[in-house]
Amino acid sequence: MDNIKQIILLATFIFLLAPLALVVYVTIYNKRKKKHIEEKEHLKSVFQQELLKTQIEVQEQTLSNVGREIHDNITQVLSFVKLNLALAGNLNPETQQKKITESRDLIARAINDLRHLSKSLNFEHIMQHGLLNALQTEADRINNSGIIQINLRIDGDNYSLGAQRELVFFRIFQESLNNTLKHAGASRINITLQYSEQLFNLTIEDDGMGFSPEELAGNAGSGLKNMENRAAMMGAETMLYSSPGKGCSLTVTLNPNKKQLYADGNPPNSIS
Amino acid sequence: MTKYLTIYTIAELICFISAVVCLFNVKALQWRLLIPFLLITCLVEMGAIPLKAVYKANPIPSNSSAWMYNILLLLQMGAFSFMFYNLIGKYLAGRLLIVTGISILILIYAYELFTNVAGIFNYNSTTYSAMSVVFIIYSLYYYYTLLRGEEYAELKFLPEFWWVTGTLFFFFGTTAVNLFYTYLLNSYPGNKLYLVYISDVLIVILYGCWSYAFICKRWTTSNK
């Protein structure tokens, strides 16, 4: 009899213990959820800060390019036109006409260059028209300047990666281009964009002097580290191949379907 | 007067007073409805006390208090289901659960009412056992939605959580009591004492959690 009583009391106790265990589990899980949400918020905030920094850097780089372009190209052209017109007063009508026509052509070229520059200056224009368009504009600008030859190749049907991610890709391209122009002594840059359902690749290759990636340290490697970190924040991976005398190749790979919780397709200025 | 003050009635009265104080100005109907529900529960519980004495003196079905509890059973089914509908009814599966659950309970209730020898004067114990299982399922589903939801809620101050927790504890415990009730009484009538103790503990847990839930509801409502 006592045994039965004990068994029944034990069973009742277990019946009370079961919901207690459940409540404890729900509470623990809820605390973990809180921690997870806080971490997500923190990452989101870091990403937004990084994005803002990227946006500012893109604008600074663009302004710097435009300034250089105005100084090296447009100012030169306009000075030449000014000289032409100053000299034209003492010439015979036939040569005068020739000089005027030549000056008109040069001014038309300067206007055209300024139009291109105004497009570069308009940051919204860059991001509204997408990464491909922005890269194409930039490649045309560099090719026109004659500093280096850029070949842009597109594999697959292009699609949007979302404004935030495209901005980061564009900044990576700018940084990489800058490095090539400053240090590589290259004559050619190949840019390849590969679009497939599962993968997007941006490859930037140059035929410059190359370097040994292991030897990059301190400030020399910080730009590269920056690119890697930013790529990682949007769920992409960077691969760098280079060796002395054999140029350099940087590939950034992203699975467009892998959605980072904080890096969505929102425009970069939607920071709230 | 003191005969009306049992652990059951004291716990119910405290909970009723908490409900009146905390829920009177709450806009949500499912919470305000708990005030009349608890009032009726208190009245039934107190009204049953003199009837028990009458039944003890002359144990014929028409003297029992079972009819009061049978009516209360209907109110319990309604009030609990309405509250759960507001907690889990925003999901399709939740709505289906509620509709299925209430349909099953009404069918069992009607079946028992017509098949019981003394009709309404026999307590519908099968309905009560089924109701316990149904409300346990609702409570578990509520926890599931709580875990699955993306937003974080401070459980310490979440009135719905405490209301469900009290309900879950109570019905989990009473399921165990219901399972062994007949067996224990048949083996030795004195065992009823243990069941009374367990029931007392369960009722204190239920109304304790509910009272705290009402206080939380008051806090959260007045802080908004």
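Residues numbered from 1 in each chain as written. Chains lettered and ligands numbered in written order. Predicted model: local features only at pLDDT ≥ 70, side-chain atom pairs only at ≥ 80, totals over all residues.

Student: Sorry if this is basic, but what is going on with the overall build of chain A here?
Tutor: In terms of helices and strands, chain A carries 6 helices and 5 strands. In sequence order, chain A lays out its α and β elements as α-α-α-α-β-α-β-β-α-β-β. The burial tally for chain A puts 21% of its 272 residues in the buried class. Sequence-distant contacts in chain A: of pairs separated by 6 or more residues, those separated by 24 or more amount to 72%. (Helix = DSSP H or I, 4+ residues; strand = E, 2+ residues; numbered from the N terminus. Buried ≥ 20, exposed ≤ 12 C-beta atoms within 10 Å, placed from the backbone. Contact = placed C-beta atoms within 7 Å.)

Student: Help me understand the overall build of chain B in this model?
Tutor: Within chain B, the secondary structure is distributed over 8 helices and 0 strands. In sequence order, the secondary structure elements of chain B are arranged as α-α-α-α-α-α-α-α. Out of the 224 residues in chain B, the part that is buried amounts to 34%. Long-range pairs, those at least 24 residues apart, make up 73% of the contacts in chain B with a sequence separation of at least 6.

Student: Explain the environment of Asp72(A) to me, please; I cannot follow it from the model alone.
Tutor: All names here are of chain A. Along the chain, the position of Asp-72 falls in helix 1 (residues 2-88). Take Asp-72: there are 11 C-beta atoms within 10 Å of it, and that puts it in the exposed class. Residues Asp-72 and Ser-145, spaced 73 residues apart in sequence, show a C-alpha to C-alpha distance of 9.2 Å.

Student: Explain the interface of chain A and chain B to me, please; I cannot follow it from the model alone.
Tutor: How big an interface is tends to be stated in terms of the accessible area lost upon association of its parts. Contacts between chain A and chain B engage 20 residues on the former and 20 residues on the latter. Here the side of chain A that touches chain B is composed, by residue class, of 14 nonpolar, 3 polar and 3 charged. (Nonpolar A, V, L, I, M, F, W, Y, C, P; charged D, E, K, R; others polar.)

Student: For this particular structure, what's the right way to read the sheet that holds strand 2 (residues 188-195) of chain A?
Tutor: Within a beta sheet, neighbouring strands are joined by backbone hydrogen bonds and run either parallel or antiparallel to one another. All names here are of chain A. Spatial strand order, 1-2-3-5-4: 5 strands in an open sheet with mixed pairing. This sheet does not close on itself; its edge strands, each paired only once, are strand 1 (149-155) and strand 4 (236-242). With strand direction ignored, the average angle separating the axes of adjacent strands in the sheet is 10°. Two strands pair when backbone bridges link them, and strand 3 (residues 200-206) and strand 5 (residues 248-254) are joined in this way by 7 bridges, in the antiparallel orientation. (Pairing = 2+ DSSP bridges. Axes fitted to C-alpha atoms, helices over the stretch in contact; angles between N-to-C directions.)

Student: I would appreciate a short explanation of the confidence of the model for chain B in the present structure.
Tutor: Segments scoring low in pLDDT should not have their predicted coordinates read at a detailed level. Residues at a pLDDT of 70 or more form 95% of chain B, whose mean pLDDT is 86. When pLDDT is averaged over each element of chain B, helix 1 (residues 7-23) of chain B comes out on top at 92 and helix 7 (residues 159-187) of chain B at the bottom at 83. (pLDDT = per-residue confidence, 0-100.)

Student: For this particular structure, what's the right way to read the nonpolar core?
Tutor: In a soluble, globular protein the nonpolar side chains are often hidden away together inside. Ala19(B), Phe169(B), Leu206(B), Cys209(B), Trp210(B) and Ala213(B) are the most contacted members of the largest nonpolar core, which has 55 residues in total. Ignoring anything within four residues of it in the chain, the contact list for Trp210(B) reads Cys15(B), Trp163(B) and Gly166(B). Val168(A), Phe173(A), Ala231(A) and Val252(A) belong to the second largest nonpolar core, which has 30 residues in total. (Core = buried A, V, L, I, M, F, W, Y, C linked by C-beta atoms within 7 Å.)

Student: Just checking my understanding: could you explain the pairing of strand 1 of chain A for this structure?
Tutor: Sheet faces and side chains relate simply in a regular strand, where the side chains alternate between the two faces. Residues and elements named next belong to chain A. Across 7 bridges, strand 1 lies against strand 2 in parallel orientation. Across the sheet, the residue bridging to Asp-155 is Gln-194, located in strand 2. Crossover handedness for the path strand 1 to helix 5 (residues 163-184) to strand 2: left-handed. (Right-handed = clockwise from strand over helix to strand, strands pointing away.)

Student: Explanation requested: the packing of helix 4 (residues 130-145) of chain A against helix 5 of chain A in the structure shown.
Tutor: Any two packed helices are characterised by the angle at which their axes cross and by the distance between the axes. Residue and element names in this part refer to chain A. With their axes 9 Å apart at the nearest point, helix 4 and helix 5 run at an angle of 25° to one another. Considered as vectors, helix 4 and helix 5 are oriented roughly parallel to each other. Relative to helix 5, helix 4 is oriented so that their crossing is right-handed. Residues Gly-130, Leu-131, Ala-134 and Leu-135 of helix 4 touch helix 5, and the partners they reach there are Glu-166, Phe-169, Phe-170 and Phe-173. For the contact of helix 4 with helix 5, the per-class residue count stands at 6 nonpolar, 1 polar and 1 charged. (Parallel < 35°, antiparallel > 145°, perpendicular 65-115°, else oblique. Left-handed = near helix turned anticlockwise from the far one by under 90°.)

Student: I tried to follow the packing of helix 4 (residues 66-88) of chain B against helix 6 (residues 125-148) of chain B on my own but got confused; where do I start?
Tutor: Residue and element names in this part refer to chain B. In contact at an axis separation of 11 Å, helix 4 and helix 6 are set at 15° when each is read in the N-to-C sense. The angle between the axes of helix 4 and helix 6 places the two elements in the roughly parallel class. Once helix 4 is placed against helix 6, the crossing between them reads as left-handed. In contact with Leu-73, Gln-76, Met-77, Phe-80, Phe-84, Leu-87 and Ile-88 of helix 4, helix 6 contributes Thr-127, Tyr-128, Met-131, Phe-135, Tyr-138, Tyr-141, Tyr-142 and Thr-145.

Student: In this structure, what is going on with helix 1 of chain B? I would like to understand it.
Tutor: Every α-helix winds through 3.6 residues per turn, so residues three or four apart in the chain are directed the same way. Residues and elements named next belong to chain B. Its 17 residues give helix 1 an end-to-end C-alpha distance of 23 Å, which sits within 8% of 24 Å, the value for a rise of 1.5 Å per residue. Regarding helix 1, the residues found buried are Tyr-8, Ala-11, Glu-12, Cys-15, Phe-16, Ser-18, Ala-19, Cys-22 and Leu-23. Summarising the axial view, the buried residues of helix 1 lie within an arc of 160°, below the 170-degree limit, and thus occupy one face. (Expected span 1.5 Å × (residues − 1). Arc of directions from axis to C-beta.)

Student: Is there a simple way to think about the pairing of strand 2 of chain A in this case?
Tutor: All names here are of chain A. In the sheet, strand 2 pairs with strand 3 via 7 bridges, with the strands oriented antiparallel. In the sheet register, Tyr-195 faces strand 3, and the bridge partner there is Phe-200. Linking two consecutive strands that pair antiparallel, namely strand 2 and strand 3, is a turn of 4 residues.

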